[in-house]
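Structural overview for review
In case you want the letters, here they are:
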Amino acid sequence: LEAETLEGKQRNYILTGEESFRRTTIAVASAIQQTLQDLSTLTRDNPHQQERLGVVKSLIEARIALTANTIDLYKREGLAAAQQQILTEEGSRLTENIAQAVREMKSEERALLADREAQAGARTDRTKGILLSGLLTALVLVLIFGGQMRRELGARLDADTALRQSHEELEH
């Protein structure tokens, strides 16, 4: 998108000669360089994306250089010379190649995100399974210990009852 903006600002400057368009062209080129640095930082953990980013950087550098050359041509030789340069469509081809490379990078990032989300979902499912197993194990243990305690309590009550009966018989 910024490459298209760069191309548009360059054309505006060449068509009008308005200095503000040239300054904006320089600002857009600077913003593109910053975006490339940001992307380099964001993709540093992905060698394949770093490789693609290298291609994008080369294309963008070529596009920025072409823009600067076309502006210089306009200043040196005038509108007709700059128009001839623009009519070669080299800038448009570079801009389209940049857009294609960026689309490919975005597509790969979307695929990586989907893969990471699937992995996170699988980990979540595994965690839920472990928690459910733990709960079931705890429930079984509670039932076992509860049954054991009930039997022991029943045995104590029977023993107390037998002891009381023995005491009553002895007293009578």
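For the structure, see preceding data.
What comes next concerns the included structure. This one's a predicted model, so the numbers in the text were calculated from it and none came from an experiment.

1. Some remarks on the overall build of the protein
Each helix and strand in the protein was counted, giving five helices and zero strands. Its helices and strands in sequence order give the protein the pattern α-α-α-α-α, from N to C terminus. The C-alpha atoms of the protein give 39 Å as radius of gyration, which overshoots the globular expectation for 172 residues (16 Å, by more than 25%). Projecting the C-alpha coordinates of the protein onto the three principal axes gives extents of approximately 135 × 30 × 20 Å. Looking at the protein as a whole, 22% of its 172 residues qualify as buried. Looking at the protein alone, contacts between residues at least 24 apart form 68% of all its contacts between residues at least 6 apart.

2. A few points about the nonpolar core
Among the nonpolar cores identified, the biggest contains 15 residues, and Leu6, Ile32, Leu36, Val56 and Ile60 are the most heavily contacted of them. Those elements that place two or more of their residues in this core are helix H2 (19-42), helix H3 (47-77) and helix H5 (90-171). Ranked by residues supplied to this core, first place goes to H3 with six residues. In contact with leucine 6, other than residues within four places in its own chain, are Thr25, Val28, Ala29, Ile32, Arg63, Ile64 and Thr67. The next biggest cluster of nonpolar side chains, apart from the first, holds five residues, and it includes Tyr13, Ile71, Tyr74 and Ala82.

3. A word on the packing of H2 against H3
Following both chains from N to C, one finds H2 and H3 inclined at 170°, their axes separated by 11 Å at the closest point. Of the possible angle classes, the one that applies to H2 and H3 is roughly antiparallel. Contacts from Arg22, Thr25, Ala29, Ile32, Gln33, Leu36, Leu39 and Ser40 in H2 reach Gln50, Leu53, Val56, Lys57, Ile60, Glu61, Ile64, Thr67, Ile71 and Lys75 in H3.

4. A closer look at a nonpolar patch on the surface
A contiguous nonpolar patch, built from Leu132, Leu136, Leu139 and Leu143 and spanning about 410 Å² of accessible area, is present on the exposed surface. Relative to the assigned elements, leucine 143 resides in helix H5.

5. A short note on the side chain of threonine 70
By the element assignment, threonine 70 lies in helix H3. Excluding anything up to four places from it in sequence, threonine 70 contacts Gln10, Ile14, Ala82, Gln85 and Ile86.

6. With respect to the packing of H3 against H5
Closest axis-to-axis distance for the H3/H5 pair is 9 Å, and the angle between their directions is 160°. With respect to H5, the element H3 is oriented roughly antiparallel. Handedness of the H3/H5 crossing: left-handed. Residues His48, Gln49, Arg52, Leu53, Val56, Leu59, Ile60, Ala62, Arg63 and Leu66 of H3 pack against Glu90, Gly91, Leu94, Thr95, Asn97, Ile98, Ala101, Val102, Glu104, Met105, Glu108 and Glu109 of H5. In terms of residue class, the contact of H3 with H5 is built from eleven nonpolar, five polar and six charged.

7. Description of the side chain of glutamine 10
Of note, glutamine 10 is situated in helix H1 (residues 2-16). For glutamine 10, the residues in contact, after removing those within four places along its chain, are Thr25, Arg63, Leu66, Thr67, Thr70, Ile71 and Ile86.

8. Thoughts on unusual backbone geometry
In this model, glutamate 89 sits at a positive phi of 65°, which is unusual for a non-glycine residue. Tracing the backbone through its elements, the reader meets glutamate 89 in the loop between helix H4 (79-87) and H5. Exposure remark for glutamate 89: the relative accessible area of 44% places this residue in the partly exposed category.

9. With respect to the pattern of salt bridges
For the coordinates displayed, the defined rule picks out four salt bridges. In this structure, the salt-bridge partner of glutamate 19 is arginine 22, at a minimum N-O distance of 2.4 Å. Linking glutamate 19 with arginine 22, this pair stays in helix H2, spanning three residues, or about one helical turn. Arginine 52 is the salt-bridge partner of glutamate 108, the closest N and O atoms lying 3.2 Å from each other. Of this pair, glutamate 108 sits in helix H5 while arginine 52 sits in helix H3, and the two are 56 residues apart along the sequence. A relative accessible area of 16% means that glutamate 108 is categorised as buried. One continuous salt-bridge network, built from bridges that share partners, spans Arg52, Glu104 and Glu108.

The rules behind the values
- Residues numbered from 1 in each chain as written.
- Predicted model: local features only at pLDDT ≥ 70, side-chain atom pairs only at ≥ 80, totals over all residues.
- Heavy atoms only, no water.
- Helix = DSSP H or I, 4+ residues; strand = E, 2+ residues; numbered from the N terminus.
- Rg over C-alpha atoms; globule rule 2.2 N^0.38 Å.
- Buried < 20%, exposed > 50% of the residue type's maximum accessible area, 1.4 Å probe, protein only.
- Contact = heavy atoms within 4.5 Å.
- Core = buried A, V, L, I, M, F, W, Y, C linked by side-chain atoms within 4.5 Å.
- Axes fitted to C-alpha atoms, helices over the stretch in contact; angles between N-to-C directions.
- Parallel < 35°, antiparallel > 145°, perpendicular 65-115°, else oblique.
- Patch = residues over 30% accessible without salt bridge, like charges linked within 9 Å, V, L, I, M, F, W, Y side chains within 5 Å.
- Areas by Shrake-Rupley, 256 points an atom, 1.4 Å probe, with all protein chains shown as cover.
- Salt bridge = Lys/Arg side-chain N within 4 Å of Asp/Glu carboxyl O.
- Left-handed = near helix turned anticlockwise from the far one by under 90°.
- Nonpolar A, V, L, I, M, F, W, Y, C, P; charged D, E, K, R; others polar.

Take it as geometry only, folks, not as evidence of what the structure does.
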